[in-house]
Amino acid sequence: MTSRTNEPKERKDPPVRRRAATVPAPVAIEIFIAGSVHVPSSKKACAATGTFIEEGDMRNKGKCIPVVGEQSLYTAELFAALEAVKMTNRDTVLTITSTQSYVLDAMNKKLPSWENDGWVGVKHRNVLRCLATELKARRARTMFKVAAPGSPERAQCKKASMLAKRSARIQTEERWDLTIPPDTALPGLPLQGNRQRVFYRSIWEIKSQVLSPRPSTLMMLETVRRDVETTFGRHVTEADIWQAVATKDILPRIAQFLWKGLHNAHRIGIYWTHIPECEDRAICQECGVLEDLNHILLGCKSPGQEIIWQAAESLWRGKEDKWPAVSLGTILGCGLAGFRDENGKAKRGTQRLYQILISESAYLIWKLRNDRVISRDRAPTMEEEIRNRWKYHLNQHLQSDITLANRPHTGKRPALAPSLVTDTWSGTLDDEHRLPTNWLQEPRVLVGSRAFPRARPGRHNSYTLSALAPGRLKVPVVFNVGGDD
Ligand SMILES: [Zn+2]
């Protein structure tokens, strides 16, 4: 028998090995972003972004935002998010972490309504639109996260903030590409389901693009910006100034006066120099100088401004030791005043009293001037009347505050927080040491007598001002006046 060892053996087919389908894990990255604003003395503010990935990463960087546009923490955060999106591959899962919720709120909550309204009336829409377009072009997920205080993410955000601060101090001019590809966003706004006010706003925006800013408005805004920075050490933007005039703590008629003042639109001074036979109206007849707003409110010799500002200072010193210098800029920008305690906490009540005191005083000076020039044929107002009117207007504001603090709005909360009212007026009330801590229910609460010396015996005049007790606080209010000369 011959062996058949040389013949190839029949081999069975190897078992089929089923290999598990390997799906590559998505690459993920977390980028920490921050913004920073640097305000050098006597120079414009500069905002910068900071993006941080991890220690030693070459992509960590700080970058100034475009010079044209608002230099604020909000805009810096938006640009930082845009930078983070642009530096990341579109197939990489991206998490953008910040200490602020600006970007998260903008992209997760407000974006649908902004897009529906065709971005009409949206501030910083150039960067917001660009950010939205970049996010939509991504193929992987993008998440926004707010770092909780004390968390490791917070520490990483601080590193991003350091990068931003460094760049803001250097103030280099960086290039930002904010162009939006034409095929990624529809122009205009949808007609269907939109509101009339959006259409009007859109038309107004188109028309205002061809209007150049008024030189006198720019000049007044610069005055306010400079004076607020000098007096309160606070850098404010143009938007801050307009917003401060519209605060609800300033009465509408006074807000309108301040608004016209910011536009230099009052019919005084230089307004009359171009009108034939009216040129003499440009000059203050008492002082012989150009009658501009600064002269009326702070420089005129006619009885009014000096008495009122002395009274305002005297009343203020019952609350605070330091009386901030009064200038045209701080009057028009009284809503921008900032006061802080030794711990750096904002003194809301003090700030509110300053707004009320300055705005009411300035408006009364303006009214006195109009009475003198227009109604009384240049006859000056008596000093006593000036004092009474000043006290009257302040007391009206106080009584209005008390009424609002005592009246529930629609539910259980009052229209004005009682604690804010007491914080505002504490230190300025007559016989305050005799009042209870919560004096809002007390019938006879007045302000203003502190501003003038007490009446001397035998020279005591009394006036009953029923108008001082609005709403349900119908109590007779006796106003003590006089004894100051
Ligand atoms: Zn004058």
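Note that this is a predicted model, so its numbers are computed, not measured.

What counts, and where the lines are drawn
- Residues numbered from 1 in each chain as written.
- Predicted model: local features only at pLDDT ≥ 70, side-chain atom pairs only at ≥ 80, totals over all residues.
- Helix = DSSP H or I, 4+ residues; strand = E, 2+ residues; numbered from the N terminus.
- Buried ≥ 20, exposed ≤ 12 C-beta atoms within 10 Å, placed from the backbone.
- Contact = placed C-beta atoms within 7 Å.
- Pairing = 2+ DSSP bridges.
- pLDDT = per-residue confidence, 0-100.
- Axes fitted to C-alpha atoms, helices over the stretch in contact; angles between N-to-C directions.
- Core = buried A, V, L, I, M, F, W, Y, C linked by C-beta atoms within 7 Å.
- Expected span 1.5 Å × (residues − 1).
- Parallel < 35°, antiparallel > 145°, perpendicular 65-115°, else oblique.
- Left-handed = near helix turned anticlockwise from the far one by under 90°.
- Nonpolar A, V, L, I, M, F, W, Y, C, P; charged D, E, K, R; others polar.

## So, the overall build of the protein
A count of helices and strands for the protein gives 14 helices and seven strands. The buried share among the 485 residues of the protein stands at 30%. For the protein, the share of sequence-separated contacts (at least 6 apart) that also reach a separation of at least 24 residues comes to 67%.

## Describing the pairing of strand S2 (residues 46-52)
When you tally the buried positions in S2, you get seven out of seven residues, the bulk of the element. Side-chain alternation along S2 places Cys46, Ala48, Gly50 and Phe52 on one buried face and Ala47, Thr49 and Thr51 on a second face that is also buried. With four bridges connecting them, S2 and strand S3 (residues 61-64) associate as antiparallel partners. By the bridge assignment, glycine 50 is partnered in S3 with glycine 62.

## Side note on the confidence of the model for the protein
In this model, the protein carries a mean pLDDT of 83, and residues with pLDDT of at least 70 account for 85%. Scored below 50 in pLDDT, residues 455-485 makes 51 contacts in the model with residues more than four places away or belonging to other chains.

## What to know about the sheet that holds strand S4 (residues 93-98)
The strand order S3-S2-S1-S4-S5 describes an open sheet built from five strands, whose pairing is mixed. Taken across any chain shown, the strands that pair with only one partner, and hence form the sheet edges, are S3 and strand S5 (142-146). Strand-to-strand, the axes of this sheet are offset by a mean angle of 25 degrees, without reference to chain direction. The pairing of strand S1 (residues 28-38) with S4 spans five bridges and is classified as parallel.

## Details of the nonpolar core
Among the nonpolar cores identified, the biggest contains 55 residues, and Ile296, Leu297, Ile308, Ile331, Leu357, Ala362 and Ile365 are the most heavily contacted of them. For this core, the element with the most residues is helix H12 (residues 348-375), which contributes 11 residues. Filtering out sequence-adjacent residues up to four positions away, leucine 357 remains in contact with Ala312, Leu315 and Trp316. Core analysis: the next-biggest nonpolar cluster, separate from the first, contains 35 residues, Ile53, Val103, Cys157 and Ala168 among them.

## Comments concerning helix H10 (residues 305-316)
Given a rise of 1.5 Å per residue, 12 residues ought to cover 16 Å, and the 16 Å separating the end C-alpha atoms of H10 matches this to within 8%. Summarising the contacts, the buried residues of H10 are in contact with helix H9 (293-299), H12 and helix H13 (383-406).

## Some words on the packing of H10 against H12
Running from N to C, H10 and H12 cross one another at 165 degrees; their axes reach a closest spacing of 10 Å. Compared by their axis directions, H10 and H12 come out roughly antiparallel. Viewed along their axes, H10 and H12 form a crossing whose handedness is right-handed. Side by side, H10 and H12 meet where Gln305, Ile308, Trp309, Ala312, Leu315 and Trp316 of the first sit next to Leu357, Ser361, Leu364 and Ile365 of the second. The class makeup of the residues in the contact of H10 with H12 is eight nonpolar, two polar and no charged.

## Notes on the packing of H12 against H13
Contact pair H12 / H13: the axes reach a minimum separation of 10 Å and the direction vectors enclose 140 degrees. Classified by the angle between their axes, H12 and H13 sit oblique to one another. The hand of the H12/H13 crossing is right-handed. Contacts from Ile356, Glu360, Ser361, Leu364 and Leu368 of H12 reach H13 at Ile386, Arg389, Trp390, His393, Leu394 and His397. Partitioning the contact of H12 with H13 into residue classes produces six nonpolar, three polar and two charged.

## Notes on unusual backbone geometry
In terms of backbone geometry, most residues other than glycine have negative phi values and most peptide bonds are trans. In the Ramachandran plot, histidine 124 falls in the positive-phi region, its phi being about 55 degrees despite a non-glycine side chain. By secondary structure assignment, the location of histidine 124 is in the loop between helix H2 (102-116) and helix H3 (125-137). Of note, glutamine 171 is a non-glycine position whose phi angle comes to about 60 degrees, a positive value. Here glutamine 171 is to be found in the loop between helix H4 (152-170) and helix H5 (196-209).

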